[in-house]
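# Structural features, examined
The chain contents come next:
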Amino acid sequence: GAGVSQSPSNKVTEKGKDVELRCDPISGHTALYWYRQSLGQGLEFLIYFQGNSAPDKSGLPSDRFSAERTGGSVSTLTIQRTQQEDSAVYLCASSLFDEAFFGQGTRLTVV
Amino acid sequence: AQKVTQAQTEISVVEKEDVTLDCVYETRDTTYYLFWYKQPPSGELVFLIRRNSFDEQNEISGRYSWNFQKSTSSFNFTITASQVVDSAVYFCALIQNRDDKIIFGKGTRLHILP
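Below is a short write-up of the structure. Model, not experiment: these values are computed from the prediction.

### Digging into the pattern of salt bridges
Enumeration over the complete set of coordinates arrives at nine salt bridges over all chains. With a shortest N-O distance of 2.8 Å, A:R22 and A:D24 are connected by a salt bridge. On the basis of relative accessible area, A:D24 is assigned to the partly exposed category, the value being 22%. In this structure, the salt-bridge partner of A:R36 is A:E44, at a minimum N-O distance of 2.9 Å. Residue A:R36 is classed as buried on the basis of its relative accessible area, which comes to 9%. By relative accessible area, which is 31% here, A:E44 ends up partly exposed. The network of salt bridges with common partners includes B:R51, B:D55 and B:E59.

### Considering the side chain of B:D86
In this structure, B:D86 sits in the loop between strand 9 (74-79) and strand 10 (88-95). Polar contacts involving the side chain of B:D86 include one to the side chain of B:Y64, which spans 3.4 Å.

### Some remarks on the pairing of strand 8 (residues 64-69) of chain B
All names here are of chain B. Of the two faces of strand 8, the one holding Y64, W66 and F68 is buried and the one holding S65, N67 and Q69 is not buried anywhere. Relative to strand 8, strand 7 (residues 59-61) runs antiparallel, the two being bridged by three bridges. Residue pairing for strand 8: S61 is matched across the bridge by Y64. Linking two consecutive strands that pair antiparallel, namely strand 7 and strand 8, is a turn of two residues; a positive phi of about 65° is found at G62 within it. Pairing of strand 8 with strand 9, which is carried by six bridges, proceeds in the antiparallel orientation. Bridge pairing in strand 9 places S65 opposite T78.

### Brief notes about the interface of chain B and chain A
With 18 residues of chain B in contact, the opposing surface of chain A contributes 18 residues. Roughly 1700 Å² of surface becomes buried between chain B and chain A when both sides are summed, with 54% attributable to carbon and sulfur atoms. Where chain B meets chain A, there are six residue pairs in polar contact (both at pLDDT 80 or more). Every element with two or more residues in the side of chain B that touches chain A is listed here: strand 5 (33-39), strand 6 (46-52) and strand 10 of chain B. Residue contributions to the side of chain B that touches chain A peak at four residues, all from strand 5 of chain B.

### Description of the state of the cysteines
Enumeration according to the criterion identifies two disulfides over all chains in this entry. Two residues, A:C23 and A:C92, share a disulfide whose sulfurs are 1.9 Å apart. Where A:C23 bonds to A:C92 through sulfur, the torsion about that S-S bond is close to -65°, and the disulfide is left-handed. Separated by 69 residues along the polypeptide, A:C23 in strand 3 (residues 19-24) and A:C92 in strand 8 (residues 88-95) bring together distant segments of the chain. A relative accessible area of 0% means that A:C23 is categorised as buried. One disulfide bridge connects B:C23 with B:C92, the sulfur atoms lying 1.9 Å from each other.

### A look at the nonpolar core
In this structure, B:W36, B:F75, B:F77 and B:Y90 are the most contacted members of the largest nonpolar core, which totals 24 residues. Of the residues forming this core, the biggest block, four residues, is contributed by strand 10 of chain B. Once you skip the residues sitting within four places of it in the chain, B:F75 turns out to touch B:C23, B:L34, B:F35, B:W36, B:I49, B:R51, B:W66, B:N67, B:F68 and B:C92. Core analysis: the second largest hydrophobic core is formed by 21 residues, A:L43, A:F45, A:F102 and B:V89 among them.

Conventions and cut-offs
Residues numbered from 1 in each chain as written. Chains lettered and ligands numbered in written order. Predicted model: local features only at pLDDT ≥ 70, side-chain atom pairs only at ≥ 80, totals over all residues. Heavy atoms only, no water. Salt bridge = Lys/Arg side-chain N within 4 Å of Asp/Glu carboxyl O. Buried < 20%, exposed > 50% of the residue type's maximum accessible area, 1.4 Å probe, protein only. Helix = DSSP H or I, 4+ residues; strand = E, 2+ residues; numbered from the N terminus. Polar contact = N/O pair within 3.5 Å; in protein donor to acceptor, adjacent residues only side chain to side chain. Pairing = 2+ DSSP bridges. Contact = heavy atoms within 4.5 Å. Buried area = accessible area lost by both parts, 1.4 Å probe. Disulfide = S-S within 2.5 Å. Core = buried A, V, L, I, M, F, W, Y, C linked by side-chain atoms within 4.5 Å.

Right under this line is the structure:
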């Protein structure tokens, strides 16, 4: 596609439910990132996929968070048993060599 | 370890003033890439510039200019004759090599006052 696509753009969920956020990177990009951005805050790194290498999961805040990338393309970020503190914008980015291109983000609200 | 520091959390200037956003980085590698991104109120992160460690030439793009100095490990961003539309959060970022993840600074929130 022309850019990084994320879905849904908005998600409201009840505390305790599981959610899945999807990211379609730019075709051919080998690297994929997930970040979280709380209101008025910076970018919090979550996870990084690079080609066939094992993902860098060092930023995942708890074991309720997981992500996978199928076929080196689409990625899904899953949050289990959501908590109110999980409310944030979740940003996905992809890159081929260096600069990353970002999607519009998924705004997650846990009520 | 690699690190990006943007010491200025928030800056406010009056329209038409010049403003410089500071970025200081740390890296152990001799090959690395530096970036600036803009995040306007709409929320989308927009790539502005990339600079590799072997190219210290400063760059100018319209009202934007970037000053890369390896001696001080800095990659500062200047907006000349600022405009209200420049109001945004600006992030500086570093990648140590092409297989490493990008490291972002905490961002500088810039307010351009009319």
